[in-house]
Amino acid sequence: VVAVQLRRNRRQAGHLARVLEILANAQPAGGSTLPDILARLAGRMKRRGMVMIVSDCFCDIPRLRQSIEQLRYFGHDIIVAQILAPEELTFPFRREAFFQDLELFKRMRVNPNTVRKHYLKEFQAFRDRLQQAATDLNVDLMTFSTADDLGDTLSFYLRRRAAMKMMGHARARA
């Protein structure tokens, strides 16, 4: 998890480039869960701002929801960018193989034909719970694939989001 607090005017052209540079150079570090990190972040952020969570979001959804509620309480605008590998979305595996849990360092032998249907059902249920939490909290949730260029995709999304907000402000004034 990378926490970035930039004090510059967010409308400066280099702002997004700076955020993307920080993300590109970030090194993974374990030891804490996403909800714990967000709770600590909420206590440290002095000014209202935008919080962008870039994660696979594989954590306890009720605890994540509670941490995001805390950030929302302090007036922060929240965006969740869920990053998933294409294989996580489709489970295309056909032959028996060893699967490695990258966080628990547990290795297990799996017959994909036996677990595919159950995996996809459970994975979709997880994504539905995450989407419901985002909807309930008025948080933008988008899913990105590790196969896509995060910078291009995120840049497109943020430009579209800014344009939609401007249209909303224009309607509110009319």
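Note that the structure is a prediction, hence the values are computed from the model and not measured.

## Comments concerning the pairing of strand β4 (residues 107-110)
Turning to step 1, where the next piece is worked out: In this structure, strand β3 (residues 97-100) lies alongside β4, joined through 4 bridges in antiparallel fashion. Across the sheet, residue Phe 99 finds its bridge partner in β4, namely Met 108.
Turning to step 2, where the next piece is worked out: Where β3 hands over to β4, the hairpin turn is made up of 6 residues, of which Phe 105 adopts a positive phi near 55°.

## Here we look at the packing of helix α3 (residues 61-73) against helix α5 (residues 112-136)
Turning to step 1, where the next piece is worked out: As a packed pair, α3 and α5 sit with axes 10 Å apart at the nearest point and diverge in direction by 20°. Compared by their axis directions, α3 and α5 come out roughly parallel. In the crossing of α3 with α5, the sense of the turn from one axis to the other is right-handed. Counted together, Ile 61, Leu 64 and Arg 65 of α3 and Phe 126, Arg 129, Leu 130, Gln 132, Ala 133 and Asp 136 of α5 form the full contact between these two elements.
Turning to step 2, where the next piece is worked out: Tallied by class, residues from the contact of α3 with α5 come to 5 nonpolar, 1 polar and 3 charged.

## Here we look at the layout of surface pockets
Where empty space is left becomes clear once a probe the size of a water molecule has been rolled over the atoms.
Turning to step 1, where the next piece is worked out: By volume, the second largest pocket is sized at about 200 Å³.
Turning to step 2, where the next piece is worked out: In terms of lining, the second largest pocket is formed by Asp 140, Leu 141, Met 142, Phe 144, Thr 153, Phe 156, Tyr 157, Arg 160, Arg 161, Met 164 and Lys 165.
Turning to step 3, where the next piece is worked out: Sorting the residues of the lining of the second largest pocket by element identifies β5 (140-145) and α6 (150-173) as the ones contributing at least two each.
Turning to step 4, where the next piece is worked out: Among the elements that make up the lining of the second largest pocket, the one with the highest residue count is α6 (7 residues).
Turning to step 5, where the next piece is worked out: Here the residues of the lining of the second largest pocket are counted per class, giving 6 nonpolar, 1 polar and 4 charged.

## Side note on the nonpolar core
Turning to step 1, where the next piece is worked out: By size, the foremost hydrophobic cluster in this structure holds 21 residues, and its most contacted members are Leu 38, Val 51, Ile 53, Ile 68, Ile 78, Val 80 and Val 139.
Turning to step 2, where the next piece is worked out: Sorting the residues of this core by element identifies α2 (34-44), β1 (50-55), α3, β2 (77-84) and α5 as the ones contributing at least two each.
Turning to step 3, where the next piece is worked out: Sequence-distant contacts of Val 51, defined by excluding residues within four places in its chain, comprise Leu 41, Met 45, Leu 71, His 76, Asp 77, Ile 78 and Ile 79.

What counts, and where the lines are drawn
Residues numbered from 1 in each chain as written. Predicted model: local features only at pLDDT ≥ 70, side-chain atom pairs only at ≥ 80, totals over all residues. Heavy atoms only, no water. Pairing = 2+ DSSP bridges. Helix = DSSP H or I, 4+ residues; strand = E, 2+ residues; numbered from the N terminus. Axes fitted to C-alpha atoms, helices over the stretch in contact; angles between N-to-C directions. Parallel < 35°, antiparallel > 145°, perpendicular 65-115°, else oblique. Left-handed = near helix turned anticlockwise from the far one by under 90°. Contact = heavy atoms within 4.5 Å. Nonpolar A, V, L, I, M, F, W, Y, C, P; charged D, E, K, R; others polar. 1 Å grid on protein atoms, 1.4 Å probe; cavity = no way out; pocket = protein on both sides within 12 Å on 5 of 7 lines; lining within 4 Å. Points joined across faces, edges and corners; volume = space filled by probe spheres on them. Core = buried A, V, L, I, M, F, W, Y, C linked by side-chain atoms within 4.5 Å. Buried < 20%, exposed > 50% of the residue type's maximum accessible area, 1.4 Å probe, protein only.

All we've got here are geometric facts, nothing functional implied.
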